Each structure stands twice: as C-alpha cells, then as structure tokens.
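Summary of structural features
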Amino acid sequence: MVDGGRILDEATEIAFPRYPGSAGDTRAIGLIEDRFKDLGLETSLEWFSYDLRPANRALRMTLILGAVLMASAGILSQRSPILGLAVLTVALLPAGIFLAWAPWLESLYQRDGDVRTANIIGRHGPAEPRLSLLLMAHHDSKSQSLTFPLRMGLTSITILGTVFLLGLMAAGLTASRTPGPPLLPALVGVAVAAAMFGLSTMKSRNTSPGAVDNAGSVAILFEAARELTSTLPDDIELIFLSTGAEEDHMIGAMRWLDAHAREFEGRPVYCMNFDGAGAPGRVVLIERFGFGRMFSKVMSAAARRAAARLCTRVRGIVMLPGMGIDAIPFAHRDLPCLTLSSGSLDRATMAVHSARDVAEHLDPDTLEEVARLAIETLKEIAITRDR
C-alpha cells in the first residue's frame with residue numbers, strides 16, 4: 001500500500017546539499033544505491049564525468065550578445081523600424097535555439113571533465129521483456145546566485161519586453177515610426193538588455209537541501225518499486241533510474257541514453273519522470289516543452305484517465321522555454337516520457353534552488369497522490385501496450 005508518510009521519511013533522509021561532484025552528491029548516491037538493493041532490485045552505478053564550461057560559455061555569450069542586440073534594436077527602431085526589426089530578429093535566432101533545447105546542443109556536453117557523478121539504476125524483470133517501463137528522478141540539487149523571484153522577474157521582463165518591442169516595431173512599419181513617446185523603444189530595449197545581463201551572471205552553488213527539487217521525487221521511486229515489482233505481469237521490465245547532473249543541463253539523462261537507448265529497439269518503452277513532486281497543491285503533468293512540443297500524447301491521455309479513476313485533480317502545463325528537465329533528452333530520441341510534479345507558486349516552490357528548499361515544505365498527502373497516479377498510469381500502459 002502506498003504510504004505518504006513513508007515517502008516523506010525517505011525523502012527527508014536525502015534532503016541535504018548534493019550538487020554534482022560534491023561530497024553530499026556521493027553520499028546521496030550511496031544511500032539510493034543501498035535503498036534500491038534493499039528493495040530487491042538488480043542495482044548498478046554508472047559513473048561519468050563532464051565539463052560544463054563550454055555550455056556555460058555558449059549560454060553566457062548568447063545572453064550578452066542578445067542583450068547588446070536588444071538594446072541596439074530599441075535605439076535603432078526610433079529612426080527605422082525596419083532596421084530595428086532586422087536587428088531584433090538576429091538577436092532572437094540564437095536565443096531561440098537555446099530556449100527550445102535543440103537536440104544538437106547535446107554536443108556541448110560530451111567532453112569529460114573534473115565533475116564526477118553517477119546514475120543509479122535498479123532493474124526488475126525478464127531478460128527479454130515485451131515492454132519496458134522506466135521510472136526516473138534526478139538525485140542532485142543546487143542553489144543559485146539569483147533567487148527564484150528575481151530569476152522569474154528577469155525572465156518575465158525579457159519575454160514580455162521582447163514581445164512589446166516586436167509590437168512597437170510592427171506598428172511602426174506602417175507609420176514609418178514607432179508609436180508612443182520617441183524614447184519608448186529605446187527604454188524597452190535597454191530594460192530587456194539589463195534583464196538579460198542579469199541572467200548571464202547566474203551561478204550554481206551547493207547550499208540547497210533540495211527537498212522539493214528533488215528528494216521527494218526520488219523517494220517516490222522507492223515507493224513505486226515496492227508496488228510495481230509485486231503487481232505487474234512477469235513479462236514487464238521495470239527500470240528505476242536516479243540520474244545525476246540534471247541540474248547541470250540534464251547531462252546524466254543524456255549519458256544514460258547514449259549508453260542504453262538502443263536496448264529498447266524492437267519493443268515499446270515508456271518513461272515516467274518525477275521532478276518537483278511533493279510541493280503542496282495539485283498534481284501537475286508537464287506535457288509540453290520548448291515552443292509547445294508534446295512529450296507523449298499516449299502517456300498524457302493515460303495519466304488523465306488514471307487521475308479520473310482516482311478522483312485526483314491534475315493540471316497540465318507547458319515547460320517554459322529555457323527550462324530543462326530529464327524528459328527532454330528522451331523526447332530528442334522519440335522515447336515517450338511524461339513528467340509528474342506538483343504545487344503552485346507558494347512558499348515551497350519559491351524556495352526551490354535555494355537553502356530554503358527543506359523537507360518541511362514536502363506534503364505527505366501530495367507525495368502519496370503523485371505516487372498513486374504514477375502507479376495507476378503505468379499499470380494501464382502495461383496492459384494496453386500502446387505507443
């Protein structure tokens with residue numbers, strides 16, 4: 001039987017700072033490995049190293065260059081809306097590539113480096129299954145130099161300011177000048193540039209206990225293992241994957257897929273990812289990412305049917321451009337992967353990526369609700385074998 005109190009207790013055990021490569025990360029890897037073994041899973045560790053500097057440099061340069069071009073576009077549009085619009089278009093092209101997580105960006109993360117962490121894998125099932133179900137939650141945590149409200153504020157200024165500037169320029173094309181006060185486009189462009197410069201300064205640190213992000217989700221893996229290993233048919237393979245380095249641009253998921261994706265050729269595979277589960281509030285289905293790409297229609301439909309059977313209220317959302325979760329590398333390889341989360345813009349969510357993301361913010365009822373929904377959804381998929 002699914003037990004929210006037990007999930008909370010197990011989440012609390014790993015709610016300590018564990019940025020990739022840190023002593024806390026190594027400790028968490030050992031604890032999760034031991035728990036997988038205790039649950040009777042065939043357990044393995046896959047260590048990897050990486051160098052995040054090429055990706056960080058590319059992202060920072062994109063933000064800085066974009067900021068310069070945004071300010072220039074706003075200033076130039078006072079004299080020539082067409083010229084301003086052209087500069088703005090140039091500014092948006094590289095940003096669009098990063099924000100949509102274009103698949104080729106994974107090449108930035110291939111180089112080994114001085115950060116070393118591991119993916120923890122627990123398996124249960126036959127050698128030649130008819131279907132594979134993968135349950136995933138990253139085990140690392142991070143804090144950031146910019147608080148969540150400040151990050152969201154700067155991001156909102158960037159997005160809304162860009163849209164407003166586009167509107168001014170589009171209106172100016174018919175009137176040969178932008179509407180409103182003469183300095184308005186320049187002021188908007190400079191405001192967007194300042195926000196982008198601010199975002200370019202953000203750095204990761206190791207002060208977050210990572211309870212909501214993502215100890216609660218890891219503990220749900222343990223609970224799902226207890227239930228699914230004893231109730232699913234014998235021809236179903238279960239894989240429980242706790243990835244490392246999700247907080248460093250999803251590198252752990254990329255490395256695991258590079259090593260194992262071909263194993264699934266010739267049979268259906270479905271992945272249920274957990275990220276941010278346990279924050280009080282409604283269960284959230286992260287169904288789309290980038291500029292609206294769907295993760296998995298089959299899994300979203302199954303989760304909504306399961307929610308109706310359980311009388312669980314769910315809310316489907318789009319992962320905003322620029323944000324990343326481990327489901328994205330799966331989507332790049334056309335592997336269906338639905339992410340379950342929970343909560344709203346309250347104290348628990350606002351504390352994510354800070355030293356305030358503590359176990360006291362986890363709600364046992366919500367943890368249990370997410371676990372039940374995941375289990376019910378995967379049981380339906382195991383029976384229907386849709387893809």
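Overview of the structure. (Residues numbered from 1 in each chain as written. Predicted model: local features only at pLDDT ≥ 70, side-chain atom pairs only at ≥ 80, totals over all residues. Heavy atoms only, no water.)

**What about the pattern of salt bridges?**
One pass over the full model with this rule turns up 22 salt bridges. Between Arg293 and Asp334 there is a salt bridge, with the nearest N and O atoms lying 3.6 Å from each other. Of this pair, Arg293 sits in strand β9 (residues 293-294) while Asp334 is found in the loop between α10 (327-332) and β11 (337-342), placing the two residues 41 residues apart along the sequence. Connected through shared salt-bridge partners, Arg6, Glu10, Glu13, Arg35, Glu223 and Arg226 make up one network. (Salt bridge = Lys/Arg side-chain N within 4 Å of Asp/Glu carboxyl O. Helix = DSSP H or I, 4+ residues; strand = E, 2+ residues; numbered from the N terminus.)

**So, the nonpolar core**
Among the nonpolar cores identified, the biggest contains 61 residues, and Leu133, Leu135, Phe274 and Leu340 are the most heavily contacted of them. Excluding residues within four positions of it along the chain, Leu135 makes contact with Leu221, Ala224, Leu228, Leu238, Ile239, Phe240, Leu241, Met272, Phe274 and Leu378. Ranked by size, the runner-up nonpolar core spans 32 residues in total, among them Trp256, Leu257, Val284 and Phe330. (Core = buried A, V, L, I, M, F, W, Y, C linked by side-chain atoms within 4.5 Å. Buried < 20%, exposed > 50% of the residue type's maximum accessible area, 1.4 Å probe, protein only. Contact = heavy atoms within 4.5 Å.)

**Observations concerning the environment of Arg305**
Mapped onto the fold, Arg305 is located in helix α9 (residues 297-310). Along the chain, Arg305 and Leu373 lie 68 residues apart, while their C-alpha atoms are 9.8 Å from each other.

**Some points on α9**
Compared with the 20 Å implied by 1.5 Å per residue over 14 residues, the 20 Å span of α9 between its first and last C-alpha is a close match. Of all the residues in α9, the buried ones are Met299, Ser300, Ala302, Ala303, Ala306 and Ala307. Seen from one end, α9 has its buried residues packed into an arc of 165 degrees, which puts them on one side. In α9, the exposed positions that point more than 90 degrees away from the buried face belong to Lys297 and Ala308. Of the surrounding secondary structure, the elements contacted by the buried residues of α9 are β7 (269-274), β8 (283-289), β9, β10 (314-318), β11 and α12 (364-384). (Expected span 1.5 Å × (residues − 1). Arc of directions from axis to C-beta.)

**Thoughts on helix α6 (residues 184-200)**
With 17 residues, α6 extends 24 Å from end C-alpha to end C-alpha; this agrees with the ideal 24 Å at 1.5 Å per step. Pro185, Ala186, Val188, Gly189, Val192, Ala193, Ala195, Met196, Gly198, Leu199 and Ser200 are the residues of α6 that are buried. Contacts made by the buried residues of α6 are with α3 (53-76) and α5 (148-175).

**As for the side chain of Glu246**
For Glu246, the position within the fold is in the loop between β6 (236-242) and α8 (251-260). Within the buried set, Glu246 has no salt-bridge partner at all; the shortest N-O distance to an opposite charge, 7.1 Å, is to Lys142. There is a polar contact of 3.2 Å between the side chain of Glu246 and the side chain of His138. If we skip the residues at most four places from it in the chain, Glu246 touches His138, Asp140, Asp275, Gly324, Ile325 and Asp326. (Lys, Arg positive; Asp, Glu negative; His and termini not counted. Polar contact = N/O pair within 3.5 Å; in protein donor to acceptor, adjacent residues only side chain to side chain.)

**Describing the packing of aromatic side chains**
The tally for this structure, following the rule as stated, stands at four aromatic pairs. A centroid spacing of 4.7 Å and a plane angle of 25 degrees characterise the contact between Phe289 and Phe295, whose relative ring orientation is stacked. Neither Phe289 nor Phe295 differs from the other in exposure class; each is buried. Positioned above the aromatic ring of Phe16, the side-chain terminus of Arg27 is 3.9 Å from the ring centre. (Phe/Tyr/Trp six-rings, centres within 6.5 Å; stacked < 30°, edge-to-face > 60°. Lys NZ or Arg CZ within 6 Å of the ring centre and 35° of its normal.)

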